[in-house]
Amino acid sequence: MDSKFKLIVDSFGKERFKFDEPLKGYTACSLGGPARLFFIAFTQTELIKIIKIARQLEIPYFLFGTGTKIAISDAGFEGLVIKNRTKNIQTLSVKGKVTKYGIGVDEALIEVDSGVSLNKWIEYLDSQGLESAKFAGIPGSIGGNMFLNKFLQSSVKSIKVLDSRSEAKVVNVDILSPKRHIILSGVFRVKAKII
Ligand SMILES: Cc1cc2nc3c(=O)[nH]c(=O)nc-3n(C[C@H](O)[C@H](O)[C@H](O)COP(=O)(O)OP(=O)(O)OC[C@H]3O[C@@H](n4cnc5c(N)ncnc54)[C@H](O)[C@@H]3O)c2cc1C
């Protein structure tokens, strides 16, 4: 292993990496040769850290979500491939009314990590009694969709990104750029399901 790869492996521990990992198992089209180094980020902190280190060491890297829009050549990727499996979903605030039956939620402000698939996002909204139908039928992850999906772009209130200087910050969708930003999470205002 060359010295740059060794440094990045040492920063998380060898057990967190796979070496020469075939990528075909991670893409929807089931194609793709091996990644020299493969890492799964489970939290935003891990995602930020691995990208910062790769940039500092000038290791070529590639980030993906659920892999429904990527095609990797049989030659594979001679660098670091990062699978985004960040999965946190947290309710930031709720609006509602107190009635004799308890607190009725009208809408909630929710932050969802970029690695969460739209399917998991819908499951979460359903579990909270929130409106999910408008998110149905969108394949892929929150992060993979944020640059592309007009509906998601129009629904998101703010987006947390890692910028090209490796600073995490909150931006509006109108300045979002795939060249400058890694999506970390999105904040959505979601209404209660009408029953
Ligand atoms: C049935 C079906 C219909 C589809 N219809 C469309 C369509 O109409 N239009 C369309 O464009 N696509 C479509 N797709 C492709 C794909 O599902 C979407 O583009 C989706 O947004 C990809 O999400 P993903 O998480 O799988 O992204 P991936 O395939 O994992 O990645 C796609 C790209 O997004 C980048 N990316 C992923 N996560 C992040 C992140 N957190 N920050 C920065 N960049 C990131 C990756 O680097 C890569 O360049 C369709 C797919 C299916 C299966």
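Just so it is clear, the model here is predicted, and its values are computed rather than measured.

Calculation criteria
- Residues numbered from 1 in each chain as written.
- Predicted model: local features only at pLDDT ≥ 70, side-chain atom pairs only at ≥ 80, totals over all residues.
- Core = buried A, V, L, I, M, F, W, Y, C linked by C-beta atoms within 7 Å.
- Buried ≥ 20, exposed ≤ 12 C-beta atoms within 10 Å, placed from the backbone.
- Domains from an automatic or database assignment.
- Contact = placed C-beta atoms within 7 Å.
- Near = placed C-beta within 6 Å.
- Helix = DSSP H or I, 4+ residues; strand = E, 2+ residues; numbered from the N terminus.
- Nonpolar A, V, L, I, M, F, W, Y, C, P; charged D, E, K, R; others polar.
- Pairing = 2+ DSSP bridges.
- Axes fitted to C-alpha atoms, helices over the stretch in contact; angles between N-to-C directions.
- Arc of directions from axis to C-beta.
- pLDDT = per-residue confidence, 0-100.

With 39 residues, the main nonpolar core has F39, L80, V81, I82 and W121 as its most contacted residues. Each of two domains, domain 1 (3-84) and domain 2 (89-191), supplies a minimum of three residues to this core. Setting aside residues no more than four positions away along its own chain, W121 makes contact with V112, V116, F135 and I142.

Here we take up the site of the ligand. Close contacts around the ligand come from 20 residues, with G65, G140, S141, G143 and G144 the closest. Of all the elements in the fold, those that place two or more residues in the shell around the ligand are β3 (61-64), α4 (142-146) and β9 (182-191). Per element, the largest residue contribution to the shell around the ligand is three residues, and it comes from α4. Split into classes, the residues belonging to the shell around the ligand amount to eight nonpolar, eleven polar and one charged. Here the shell around the ligand spans two domains, since at least three of its residues come from each of domain 1 (3-84) and domain 2 (89-191).

On to the sheet that holds strand β4 (residues 77-84), then. In space, the four strands of this open sheet follow the order β1-β2-β4-β3, with mixed pairing throughout. Each edge of the sheet is formed by a strand with only one pairing partner; in this case those strands are β1 (17-22) and β3. Adjacent strand axes in the sheet meet at a mean angle of 35° when their direction is disregarded. Two elements, β3 and β4, share four bridges in a ladder whose sense is parallel. Within the sheet, the bridge partner assigned to F62 lies in β4 and is V81. Its contacts with the sheet put helix α2 (residues 44-57) on β2 (34-41), β3 and β4, and the angle it makes with β2 is roughly 145°.

Although it is not a glycine, E58 sits at a positive phi angle of roughly 55°. Note on placement: E58 falls in the loop between α2 and β3. Positive phi is not limited to glycine here, since S166 has a value of about 65°. By the element assignment, S166 lies in the loop between β7 (156-162) and β8 (168-171).

Mapped onto the fold, K24 is located in the loop between β1 and β2. On the basis of neighbour count, K24 is assigned to the partly exposed category, with 15 C-beta atoms found within 10 Å. Each C-alpha atom, one on K24 and one on G67, is 9.7 Å from the other, the two residues being 43 residues apart in sequence. Contact partners of K24, with chain neighbours within four places excluded, come to S30, L31 and G32.

For helix α3 (residues 118-127), the complete set of buried residues consists of L118, W121 and L125. Across the axial projection of α3, the buried residues extend over an arc of 55°, all falling on one side. Of the residues flanking the end of α3, it is G129, one or two places downstream, whose phi is positive at about 70°.

The next point concerns the confidence of the model for the protein. Averaged over every residue, the pLDDT of the protein is 94; residues scoring 70 or more account for 98%. At the low end of the mean pLDDT range in the protein sits strand β5 (residues 89-99), at 88; at the high end sits α2, at 98.

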